[in-house]
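Residue-level structure breakdown
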Amino acid sequence: MVDNVGSSSEGFKYNIYAADASIHDSVEDHGTIKEQDRLLPIANVGRIMKQILPPNAKISKEAKETMQECVSEFISFVTGEASDKCHKEKRKTVNGDDICWALGNLGFDDYAESLKRYLHKYREAEGERANHNKSSNNEERD
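Residues numbered from 1 in each chain as written. Predicted model: local features only at pLDDT ≥ 70, side-chain atom pairs only at ≥ 80, totals over all residues. Heavy atoms only, no water.

The next subject is a nonpolar patch on the surface. On the surface, Leu 40, Phe 74 and Ile 75 cluster together into a nonpolar patch covering about 230 Å² of accessible area. Take Ile 75: it is sitting in helix α4 (residues 61-88). According to the relative accessible area criterion, Ile 75 is partly exposed, its value standing at 41%. (Patch = residues over 30% accessible without salt bridge, like charges linked within 9 Å, V, L, I, M, F, W, Y side chains within 5 Å. Areas by Shrake-Rupley, 256 points an atom, 1.4 Å probe, with all protein chains shown as cover. Salt bridge = Lys/Arg side-chain N within 4 Å of Asp/Glu carboxyl O. Helix = DSSP H or I, 4+ residues; strand = E, 2+ residues; numbered from the N terminus. Buried < 20%, exposed > 50% of the residue type's maximum accessible area, 1.4 Å probe, protein only.)

This is the structure we're talking about:
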């Protein structure tokens, strides 16, 4: 569930709550999620940033922290939009199509189209892998 609990530069700040006990344990007394559970791991953010930079480039801690805040907020923003759609449709699971819809609905059309193409290729590959595993299992039984 996504709750609108305050304001940010976009006008909204989202907190995502899960029924999972491990997430519930991380919720502080005043109903917000601890920073370490709200943000993507900084090591992962730094690794992604380094991929686009020349090998000898350095990234400051401040730059990593700023990017960590931005990407975490972006993910929460898009997921919140997708979650609202699912809630209105009385569904409990947010899927890839919902994320693509949310990106388009929020004005990130270029990202939505790229993600739709990726999602289609991913699903094709998953289908091929499932068929391959199925045929391998049948051959072993014979």
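Here the focus is helix α5 (residues 96-105). Along α5, the positions that sit buried rather than exposed are Asp 98, Cys 100, Ala 102 and Leu 103. For α5, the side-chain oxygen to backbone nitrogen distance between the N-cap and Asp 97 is 2.9 Å, and the N-cap itself is Asn 95. Just past α5, the residue Gly 107 takes up positive phi, approximately 95°. (Polar contact = N/O pair within 3.5 Å; in protein donor to acceptor, adjacent residues only side chain to side chain.)

Let us look at unusual backbone geometry. Positive phi, close to 55°, is recorded for Lys 90, a residue that is not glycine. Judged by its relative accessible area of 76%, Lys 90 is exposed.

In this section: the nonpolar core. Val 78, Ala 82, Ala 102, Leu 103 and Ala 112 together form the largest nonpolar core, which totals five residues. Where this core is concerned, the elements lending two or more residues are α4 and α5. In this structure, Ala 112 is in contact with Cys 100, Leu 103 and Gly 104, ignoring residues within four places of it in sequence. (Core = buried A, V, L, I, M, F, W, Y, C linked by side-chain atoms within 4.5 Å. Contact = heavy atoms within 4.5 Å.)

So, on to helix α3 (residues 42-52). Residues of α3 that are buried include every one of Val 45, Gly 46 and Met 49, and no others. Down the axis of α3, the buried set is contained in an arc of 95°. They therefore lie on one face. The exposed set on the far side of α3, more than 90 degrees from its buried face, consists of Ile 48, Lys 50 and Gln 51. Against α4 lie the buried residues of α3. (Arc of directions from axis to C-beta.)

Here the focus is the confidence of the model for the protein chain. In the predicted model, the protein chain carries a mean pLDDT of 81, and the fraction of residues at 70 or more is 75%. Scored below 50 in pLDDT, residues 1-26 shows 45 contacts in the model against residues more than four places distant or in partner chains. (pLDDT = per-residue confidence, 0-100.)

With that settled, consider the pattern of salt bridges. Per the counting criterion, the structure on display carries nine salt bridges. Between Arg 123 and Asp 97 there is a salt bridge, with its nearest N and O atoms 3.2 Å apart. Pair noted here: Arg 123 is in helix α6 (residues 109-141) and Asp 97 is in helix α5, with a separation of 26 residues, a long-range link. In this structure, Glu 126 engages Arg 129 in a salt bridge whose closest nitrogen and oxygen atoms are separated by 2.1 Å. Of this pair, Glu 126 and Arg 129 both sit in helix α6, three residues apart, which is roughly one turn of the helix. The class for Glu 126 is partly exposed, based on a relative accessible area of 29%. Three or more residues joined by partner-sharing salt bridges are found here, namely Lys 85, Glu 89, Arg 91 and Asp 98.

A word on the layout of surface pockets. In this model, the second largest pocket occupies a volume close to 280 Å³. In terms of lining, the second largest pocket is formed by Phe 74, Ile 75, Val 78, Thr 79, Ile 99, Leu 103, Tyr 111 and Leu 115. Sorting the residues of the lining of the second largest pocket by element identifies α4, α5 and α6 as the ones contributing at least two each. When residues of the lining of the second largest pocket are assigned to their parent elements, the largest contribution, four residues, is made by α4. Looking at side-chain class alone, the lining of the second largest pocket contains seven nonpolar, one polar and no charged residues. (1 Å grid on protein atoms, 1.4 Å probe; cavity = no way out; pocket = protein on both sides within 12 Å on 5 of 7 lines; lining within 4 Å. Points joined across faces, edges and corners; volume = space filled by probe spheres on them. Nonpolar A, V, L, I, M, F, W, Y, C, P; charged D, E, K, R; others polar.)

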